[in-house]
Amino acid sequence: MSGNEPGGSPAAEQQVELAISGMTCASCAARIERRLNKLDGVTAAVNYATEKAKVTYPVGLDTAALVDEVVAAGYSATVPRPEPARSERTEQSDEPDPTLPLRQRLLVSAMLSVPVIAMAMAPVLQFDYWQWISLALAGPVIVWGAWPFHRATWSNLKHGAASMDTLISIGTLSAFLWSLYALLWGTAGEPGMTHPFQLTIERSSGAANIYLEVAAGVTTFILAGRYFEARSKRRAGAALRALLELGAKDVAVLRDGHEERVSVDTLVPGDRFVVRPGEKIATDGVVEEGSSAVDASMLTGESVPVEVGPGDEVVGAMVNAGGRLVVRVTRVGSDTQLAQMAKLVEEAQNGKAEVQRLADRVSAVFVPIVITLAMGTLGFWIGAGAPAAAAFTAAVAVLIIACPCALGLATPTALLVGTGRGAQLGILIKGPEVLESTRRVDTIVLDKTGTVTTGQMSLVEVHTADGVDERELLRLAGAVERASEHPIARAVARGATARVGDLPSVDGFANIEGLGVEGVVDGRAVLVGRLALAEQRAQALPEQLAAAKTAAESRGRTAVVVTWADRVRGVLVVSDTVKPTSAEAVRRLRDLGLTPVLLTGDNRCAALAVAREVAIAACDDTVIAEVLPQDKVDVVKRLQSQGKTVAMVGDGVNDAAALAQADLGLAMGTGTDVAIEASDLTLVRGDLMVAVDAIRLSRRTLATIKGNLFWAFAYNVAALPLAAAGLLNPMLAGAAMALSSVFVVTNSLRLRRFRGIAQPSERRIDAQERQSAAEGETVRS
């Protein structure tokens, strides 16, 4: 029994992930998957995009048997080595780009093919013996350039299978071999031979016709598509590498009372290390000494920094925003929360539904039909008493007209134009499989912090006690807070500076652990911090200020109390603010047929306040708050289990696994590299309106690809009966090929006219962005 022991008890199972090589299309992945699943007790899922097979198999079955099964199917498989140490990963990062050989093959083929096509299609260029120059140029393209297709075809034939590679290989080789026949034994090699533009239908022996431009052109176009696909696929594992590189590289360990700088890889549970202000926490642990605010937004999504002290747990990759901490190590290596998140990303990527390329799906039926039709044409004409040369000409014409020249252009040209236009609009599309997801998406999950909101604390409200001037309150409070490194203090200082201008200097500044700060400004002892600090040093909070504080906190905001001269003088409210375009973007996402869901690690009050501001219904199904990174993945999975196709927009490390799990992941380019690498679409600007444009452009590009594929096949199918009847001369075949290719290219170029909603005036916005960037550099300086 598969998966069960006799008697009905479950068999012990284990998992392995195999790295697969040699796949050229999605049908290859399906073939390997079927082969592995035939083994007793084995369940396999092969992902063509990541070139991995996730296999569950019974204990007792050797992984070598799984590898042998993949090899028997005509492909290669290996069991990946364990993740190397950080130093080894750094060395491996210098390895050459594996797409370079394919790019070299493409560039050489393109340079050789251009003159071949030009001479064949322009009679003015057809000088004496031009056909022999074409042969010299086309030969290396058809033999060396198309070698990956020939090799895949031979491997498929040995296993009784066929793919698009089979049609490409047989078509190009047939055209090349017939051209050789016509040049060597026919009349095509005679001096002065030309290919005139005669769009007539007549039977001919074909001995005067060559098809070198068809064979070389098809090879080059298909190589271009394969190169851009390979370049996109290479990024599949980048999210994991980015996650693993996110943590600290070295750490100050306490040994014998002295600090010693060592590599993070050498830490073991029980070690004690020091984290200074501004440093990353090296690994998971417990604070033993000191107190500080740590920025956990990258991991938890919580916009407000978390106060930690002795006994509190901290996680590797958090940033210490305040005082000096001494942390005792509790987890290292693969046990850390960061490593677990990396595992979540990997599992989500490998668990994605396999996306079949449209051309590959059709080729499963189209290729065998064309080959059968070509053989049938040859047999029919020989049986009908036609000359062997004429019969072979008709059979080759069937293969040539069916050879996917326009089909090779259909996806790459639309993808190149669409992605190029997207780049101009600040949208990066990773590959054609992404486009299919945009068509099916019906639910969009929006991360709150950094996506719908700015992700930065800002001063949003100022409440003063009776008789207190607002400018004076901001001037004194801002002066004290400017001396602190706490993110909330920085927000108050920025807000005060923006409203009152230059701030005075502060004397006697001191940080009161866990409560706030104090200092002397213009001879006044000013305290800024929590209510508990004010209650220690001043009278009770006035009624109107208490009401303002309660109202602010009910909306998920943070209230800071300001006192001097033993009296509470005001309350300052800071909050993560909603981006100006978020509400309009949510409305337009609804217009696209998507249901918005707000997802955040922040508290529910803050989430509901943001949901109300951007007009997302405040219910349990559409506002999901206080979730951990692994919970975000579960939310996406739950929506998918309900039959929904889910898009996810996020920007932080905490979103990476959910972005990978979603059917369509959109990452803000202003966020972390991990989120960007785990996503399918990257939005260069941190504007949710660009997400609307991304989905619109992706859908338009997919529609263009489908239109291209339809017409590419339509030309082929319409011409096949003429070819089989022996009525298709070389120039008519070439004209049909050229017309279909021109149509596909022209149709793709229409994408250049796509206009983005978020960029009504791209030139003006570019100037604004450059000005903002310059201002940001000035502030940082």
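Not measured: the values here are computed from a predicted model.

Overall, antiparallel pairing links the three strands, which are arranged 10-9-12 in an open sheet. Edge strands, defined here as strands with exactly one partner in the open sheet, are strand 10 (306-308) and strand 12 (319-320). For strand 9 (residues 292-295) and strand 12, the ladder comprises two bridges, and the chain directions are antiparallel. Paired with Val294 across the two strands is Asn320, which belongs to strand 12.

What follows concerns the packing of helix 5 (residues 130-145) against helix 6 (residues 147-158). It is at 5 Å that the axes of helix 5 and helix 6 come closest, and there the two elements cross at 40°. Classified by the angle their axes make, helix 5 and helix 6 are oblique. From helix 5, Ile142, Val143, Trp144 and Gly145 reach across to helix 6, where they touch Trp147, Pro148 and His150. Looking at the contact of helix 5 with helix 6 residue by residue, the classes come out as five nonpolar, two polar and no charged.

Examined bridge by bridge, strand 5 (residues 250-255) and strand 6 (residues 258-263) share six bridges and lie antiparallel to one another. What sits directly across from Asp250, in strand 6, is Ser263. If you look at the hairpin formed by strand 5 and strand 6, you'll find two residues sitting between the two strands, and Asp256 has a positive phi there, around 55°.

This brings us to the UniProt feature "transmembrane region" (unreviewed entry) in the protein chain. Those residues carrying the UniProt feature "transmembrane region" (unreviewed entry) are residues 106-123, 129-147, 167-188, 208-228, 362-382, 388-411, 708-725 and 731-749 in this numbering. Along residues 129-147, the helical share is 89% and the strand share 0%, with 27 Å between the first and last C-alpha atoms. A helix fraction of 82% and a strand fraction of 0% characterise residues 167-188, whose end C-alpha atoms lie 26 Å from each other.

A positive phi angle, near 65°, is found at Tyr129, a position not held by glycine. With respect to the secondary-structure elements, Tyr129 resides in the loop between helix 4 (100-121) and helix 5. With a phi angle near 60°, Asp566 is a residue other than glycine that sits in the positive phi range. For Asp566, the position within the fold is in the loop between strand 20 (558-564) and strand 21 (567-578). On the basis of relative accessible area, Asp566 is assigned to the exposed category, the value being 54%.

Calculation notes
- Residues numbered from 1 in each chain as written.
- Predicted model: local features only at pLDDT ≥ 70, side-chain atom pairs only at ≥ 80, totals over all residues.
- Heavy atoms only, no water.
- Pairing = 2+ DSSP bridges.
- Helix = DSSP H or I, 4+ residues; strand = E, 2+ residues; numbered from the N terminus.
- Axes fitted to C-alpha atoms, helices over the stretch in contact; angles between N-to-C directions.
- Parallel < 35°, antiparallel > 145°, perpendicular 65-115°, else oblique.
- Contact = heavy atoms within 4.5 Å.
- Nonpolar A, V, L, I, M, F, W, Y, C, P; charged D, E, K, R; others polar.
- UniProt positions renumbered as here; feature names shortened; annotations may be inferred.
- Buried < 20%, exposed > 50% of the residue type's maximum accessible area, 1.4 Å probe, protein only.

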